[in-house]
Amino acid sequence: MNSFGRIFRVHIFGESHGDCVGIIIDGCPAGLPLSVDDFSIDIERRKPGAKGTTPRKEDDIPQIKSGLFNDKTTGTPITILFENNNTRSVDYEKLRAVPRPGHADFVASKKFGGNEDYRGSGHFSGRLTVCLVAAGVIAKKILAFATQKDATIFSVTSKILEVGGELDIENGLQKAIGAKDSIGGIIECRVNGLPVGLGEPFFDSVESVISHAVFAIPAVRGIEFGTGFAAAKMFGSQHNDAIENKKGKTFTNHAGGIVGGITNSNELVFRVAIKPT
């Protein structure tokens with residue numbers, strides 16, 4: 001299926017070289033101020049053009065087709081389209097006979113019996129991540145809306161920790177460019193202001209739900225929370241986060257803000273490994 005979420009549900013659609021890609025978002029409350037300009041900053045961050053990125057250029061102006069009236073959400077599903085204009089479909093004709101390694105060409109052909117749109121990786125393309133960015137823009141607006149409503153301050157931040165093992169991002173990129181190759185990296189996300197009690201013990205644990213969403217990004221190869229894989233080298237006496245007060249604050253945060261699949265009010269921390277394209 002191409003949907004994710006319950007309270008805030010997203011459905012993604014489209015192909016890399018089709019007319020457009022898009023997303024339908026259900027669960028957005030009514031009365032949330034929203035305009036095309038709200039998407040500009042995050043869409044620009046995602047756009048190609050920076051060092052080492054794909055040369056494909058798209059305007060990526062969101063076309064909001066439903067769920068908006070007088071610049072406010074109506075409470076009904078929001079449909080957002082992004083047109084595909086800069087395509088060279090003829091470049092992909094040979095992929096029918098020679099699927100690319102590291103791409104979904106081979107498995108897509110087998111799964112869909114050769115009926116898939118193979119141009120530009122079709123529905124498997126990183127092109128569709130522009131839709132995920134749009135969903136994130138609205139999600140952040142909802143968090144800001146909730147902050148105004150109950151005075152809770154939510155903060156979501158992310159940053160690139162390393163590229164190709166280099167802490168100096170520029171050096172990591174240049175290493176790949178110099179080798180005429182691609183390279184991966186690690187991104188860290190931190191969330192503050194979460195209450196105690198979000199999540200469930202097993203299949204809907206906070207780690208499970210976040211991981212489900214994160215792995216929708218085609219290039220993600222791994223995820224870790226808190227101390228992550230390094231915890232396997234620690235004693236329990238080292239890894240345990242001693243509780244500091246009745247609000248659940250801990251002296252350390254090896255668990256990354258999640259215990260038993262449930263948030264404990266400390267900073268939620270996770271890191272994502274991105275493969276080379």
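What you see as residue numbers is a count from 1 along each chain, following the sequence as written. Note on the predicted model: pLDDT of at least 70 is required for a residue's local features to be given, and 80 or more for side-chain atom pairs to be given and counted; whole-chain, interface and lining totals, by contrast, use all residues. Remark: hydrogens and water are excluded; side-chain values derive from all non-hydrogen atoms of the structure.

*Asks:* What am I meant to see in the packing of aromatic side chains here?
*Replies:* The way to describe two aromatic rings as a pair is by their centre distance and the angle between their planes. Only rings of Phe, Tyr and Trp enter the pairing, Trp through its six-membered ring, and a pair is recorded when the two centres are within 6.5 Å. The plane angle decides the type: under 30 degrees is stacked, over 60 is edge-to-face, the rest tilted. Counted by the stated rule, this structure contains two aromatic pairs. Look at Phe112 and Phe124: their rings are 6.4 Å apart centre to centre, the planes differ by 55°, and that puts the pair in the tilted class. Here Phe112, found in the loop between α2 (105-111) and α3 (129-150), pairs with Phe124, found in the loop between α2 and α3; they are 12 residues apart in sequence, far enough to count as distant. Each residue's exposure class comes from its accessible area (1.4 Å probe, protein chains only) as a fraction of the maximum for that residue type: buried when under 20%, exposed when over 50%, partly exposed otherwise. Its relative accessible area of 39% is what places Phe112 among the partly exposed residues. With centroids separated by 5.7 Å and ring planes inclined at 45°, the aromatic side chains of Phe225 and Phe270 adopt a geometry described as tilted. Taken together, the residues span a long stretch of sequence, with Phe225 in strand β10 (residues 220-225) and Phe270 in strand β13 (residues 268-274) at a distance of 45 residues. Secondary structure elements are taken from DSSP: a helix is a run of H or I of four residues or more, a strand is a run of E of two residues or more, and numbering for both begins at the N terminus.

*Asks:* Explanation requested: the pairing of β13 in the structure shown.
*Replies:* The two faces of the sheet receive side chains in turn, since in a regular strand these alternate between them. When you tally the buried positions in β13, you get five out of seven residues, the bulk of the element. The criterion for strand pairing is that DSSP finds at least two bridges linking the strands in question. Bridge analysis of strand β9 (residues 185-192) against β13 gives seven bridges, and the strand direction is antiparallel. From the neighbouring strand, Val191 faces β13, where its bridge partner is Leu268. For β10 and β13, the ladder comprises five bridges, and the chain directions are antiparallel. Within β13, the residue paired with Val220 across the bridge is Ile274.

*Asks:* Quick question: what am I supposed to make of the nonpolar core here?
*Replies:* The tendency in soluble globular proteins is for nonpolar side chains to be buried as a group. Counting 21 residues, the largest nonpolar core has Ile23, Ile25, Phe39, Ile80, Phe82, Cys131 and Ile138 as the members making the most contacts within it. The set of elements that each furnish at least two residues to this core consists of β2 (9-14), β3 (20-26), β7 (78-83) and α3. Broken down by element, this core gets its largest block of residues, seven residues, from α3. Note on contacts: a residue pair is in contact if any heavy atoms of the two residues lie within 4.5 Å. Contacts of Cys131, omitting those with residues within four sequence positions, involve Ile12, Val21, Gly22, Ile23 and Phe82. Judged by nonpolar contacts, the second largest core, of 13 residues, contains Cys189, Val214, Val220 and Phe225. The term nonpolar core refers to a set of buried residues drawn from Ala, Val, Leu, Ile, Met, Phe, Trp, Tyr and Cys, joined through side-chain atoms within 4.5 Å.

Keep in mind that these numbers describe shape and distance, not what the molecule does.
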